[in-house]
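In case you want the letters, here they are:
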Amino acid sequence: MSATVTPAGQTPKPILCVVGARPNYMKMAPIIQAMAAHHPPIPALLIHTGQHYDSAMNDQFFLALGLPAPTVNLEVGSASHAMQTAEIMKRFEPVVDQYDPAAVLVVGDVNSTIACALVASKKNIPVIHVEAGLRSYDRTMPEEINRVLTDQIADLLYTTERSAGDNLRREGIADERIVFVGNVMIDTLLTHKPHAVAAEKTLRNGGASPAFLTAGQYGVVTMHRPSNVDDPQILRGILDVLQQVSSQLPLAFTMHPRTRQKIQEFGLESLIQSDRIVLLPPQGYFEMLGLMAEATLVLTDSGGLQDETTALGVPCLTMRNNTERPITVDQGTSTLVGQDAHNILTAVEDVLKTGGKRGRTPEYWDGHAAERIARHLGEWLGLKNLKAA
Ligand code: UD1
């Protein structure tokens with residue numbers, strides 16, 4: 001593997017590494033670490049857009065995952081998609097001008113991902129996309145728009161599963177720009193699994209009732225997708241099902257701020273008031289890891305949890321009609337159950353009867369994805385610098 005080569009006498013330009021929302025942090029942490037461990041180190045500057053800002057969604061992850069303090073925080077906060085995306089772009093452009101980076105590296109599919117990729121691309125600065133090529137083929141999902149557009153303007157596309165590369169090639173992305181490296185989120189999970197907080201401690205701290213704790217088993221619930229929480233009828237339907245599920249299996253419901261707001265706004269709190277449902281605020285990474293690892297099942301609409309439950313071998317009932325992560329269904333532990341009460345209840349019963357899907361670990365979900373990225377990136381930067389010399 002060649003070292004990063006720079007034209008004589010020049011300090012290598014940094015790579016601006018962008019995070020904005022909670023699911024970005026566990027992806028970026030191992031990448032930054034692997035760039036620092038590369039010989040020679042690949043200079044990285046962490047830029048936070050401030051899309052997520054609540055301490056529970058933000059600061060505690062930085063600490064837990066050992067992420068460096070961001071060089072710049074754009075502090076954009078919440079707004080409509082257009083406003084948020086535009087504001088990130090407006091505030092990111094001067095940062096790019098100031099640091100004159102070798103490339104901008106973005107992860108995942110949140111608004112911060114497309115906003116910063118677009119700014120870089122318009123300035124002819126190479127865009128690197130980690131977790132490229134995932135497709136739900138559902139364009140009503142804001143994340144799908146973010147994925148498709150980011151991939152179209154990215155210069156280097158690192159993928160988590162082979163089918164993602166097939167999706168990209170079908171969209172006309174040149175083969176030499178696509179690199180299958182595996183799943184950086186699983187690097188983080190494998191690093192931190194030994195530090196997971198015991199589920200009982202988290203449940204007890206969250207006020208779980210004696211009835212809950214003596215049941216000996218529980219399910220974990222998370223949801224925040226607009227398609228599940230923004231419509232009062234749909235949200236009511238799902239909360240109703242959760243109430244029914246809880247009569248068979250007590251539930252720990254970790255609540256995203258968006259979901260909490262919607263439940264309050266629609267006056268649906270009474271549907272989940274039960275001593276068999278414990279309502280928890282957003283959890284830290286180690287707490288969530290412990291809760292998931294010891295759960296009988298996870299009910300979720302999160303992308304990250306589909307991957308993490310597959311790596312943990314815990315059955316995941318995914319409350320969506322499609323997934324951009326087909327490997328979690330084909331090889332992993334996920335089953336798509338949508339929002340349909342009958343489907344969800346049948347799937348829960350099946351898990352309680354049979355133990356549910358255990359799955360197997362997908363290729364390259366082995367804890368070394370970020371090292372593969374750093375190795376490839378080192379070579380790529382070397383070549384780029386040789387051309388520039
Ligand atoms: C965003 C991502 C989604 C990701 C999710 C993880 C997009 C389009 N969506 O969705 O892909 O799965 O993050 O959480 O980028 N809020 C707070 N505190 C915060 C952040 C948000 O209270 O720190 C509330 C605000 O009312 C805000 C709402 O949550 O309006 C939604 O936040 P936003 O960042 O727009 O999207 P998420 O639903 O979090």
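Residues numbered from 1 in each chain as written. Predicted model: local features only at pLDDT ≥ 70, side-chain atom pairs only at ≥ 80, totals over all residues. Heavy atoms only, no water.

1. Some thoughts on the packing of aromatic side chains
- By the definition in use, this model includes four aromatic pairs.
- Ring centres of phenylalanine 180 and tyrosine 364 lie 5.0 Å apart, and the angle between their planes is 20°; this geometry places the pair in the stacked category. Taken as a pair, phenylalanine 180 in strand S7 (residues 178-180) and tyrosine 364 in the loop between helix H16 (341-354) and helix H17 (369-388) lie far apart in primary sequence, 184 residues in all.
- Phenylalanine 180 sits in the buried class, given a relative accessible area of 18%.
- Owing to a relative accessible area of 32%, tyrosine 364 belongs among the partly exposed residues under this scheme.
- Put simply, the rings of Tyr25, Phe61 and Phe62 touch in pairs and so form one group of aromatic residues. (Phe/Tyr/Trp six-rings, centres within 6.5 Å; stacked < 30°, edge-to-face > 60°. Helix = DSSP H or I, 4+ residues; strand = E, 2+ residues; numbered from the N terminus. Buried < 20%, exposed > 50% of the residue type's maximum accessible area, 1.4 Å probe, protein only.)

2. Some remarks on the layout of surface pockets
- Approximately 230 Å³ is the volume attributed to the second largest pocket.
- Together, 18 residues line the second largest pocket, and Pro30, Gln33, Ala34, Ala370 and Glu371 are the ones closest to its centre.
- Within the residue set of the lining of the second largest pocket, elements represented by two or more residues are helix H1 (22-37), helix H7 (184-192) and H17.
- By residue class, the composition of the lining of the second largest pocket is eight nonpolar, seven polar and three charged. (1 Å grid on protein atoms, 1.4 Å probe; cavity = no way out; pocket = protein on both sides within 12 Å on 5 of 7 lines; lining within 4 Å. Points joined across faces, edges and corners; volume = space filled by probe spheres on them. Nonpolar A, V, L, I, M, F, W, Y, C, P; charged D, E, K, R; others polar.)

3. Brief notes about the site of the ligand
- Around the ligand, 19 residues are found, and the nearest of them are Gln51, His52, Asn111, Glu143 and His224.
- A distance of 2.8 Å separates an oxygen atom of the ligand from a polar backbone atom of asparagine 111.
- Within the side chain of arginine 258, an N or O atom sits 3.0 Å from an oxygen atom of the ligand.
- Look at the ligand: alone it shows 740 Å² of surface, and the protein chains cover 88% of it.
- Put simply, the parts of the chain that give the shell around the ligand at least two residues each are helix H3 (81-99) and helix H12 (257-265).
- Sort the elements by how many residues they give to the shell around the ligand and H12 lands first, with three residues.
- Tallied by class, the residues present in the shell around the ligand amount to six nonpolar, nine polar and four charged.
- Two domains each provide a minimum of three residues to the shell around the ligand, namely domain 1 (15-182 + 365-380) and domain 2 (195-354). (Near = heavy atom within 4 Å. Polar contact = N/O pair within 3.5 Å; in protein donor to acceptor, adjacent residues only side chain to side chain. Areas by Shrake-Rupley, 256 points an atom, 1.4 Å probe, with all protein chains shown as cover. Domains from an automatic or database assignment.)

4. Describing the domain arrangement of the protein
- Segmenting the protein into domains produces domain 1 (15-182 + 365-380) and domain 2 (195-354).
- Computed from C-alpha atoms alone, the centre-to-centre distance between domain 1 and domain 2 is 27 Å.
- Taken together, the contacts link 23 residues of domain 1 with 19 residues of domain 2.
- Here glutamate 131 ties to arginine 325 by a salt bridge, and the two come within 3.4 Å at their closest N and O atoms.
- Our enumeration of links across domain 1 and domain 2 arrives at six residue pairs in polar contact (both at pLDDT 80 or more).
- Counting residues per element, the ones that place at least two in the side of domain 1 that touches domain 2 are H1, helix H2 (59-65) and helix H5 (142-153).
- With four residues, the top contributor of residues to the side of domain 1 that touches domain 2 is H2. (Contact = heavy atoms within 4.5 Å. Salt bridge = Lys/Arg side-chain N within 4 Å of Asp/Glu carboxyl O.)

5. Structural notes on the sheet that holds strand S10 (residues 277-280)
- Strand order in the open sheet formed by six strands is S10-S9-S8-S11-S12-S13, and the pairing between neighbours is parallel. In this open sheet, the two edge strands, each paired with only one partner strand, are S10 and strand S13 (334-336). Adjacent strand axes in the sheet meet at a mean angle of 20°, parallel and antiparallel pairs treated alike.
- Relative to S13, strand S12 (residues 316-318) is paired through three bridges, and the arrangement is parallel. Counted as the bridge partner of threonine 318 is leucine 336 from S13.
- Against the sheet, H16 contacts strand S11 (297-300) and S12, and its axis sits at roughly 175° relative to S12. (Pairing = 2+ DSSP bridges. Axes fitted to C-alpha atoms, helices over the stretch in contact; angles between N-to-C directions.)

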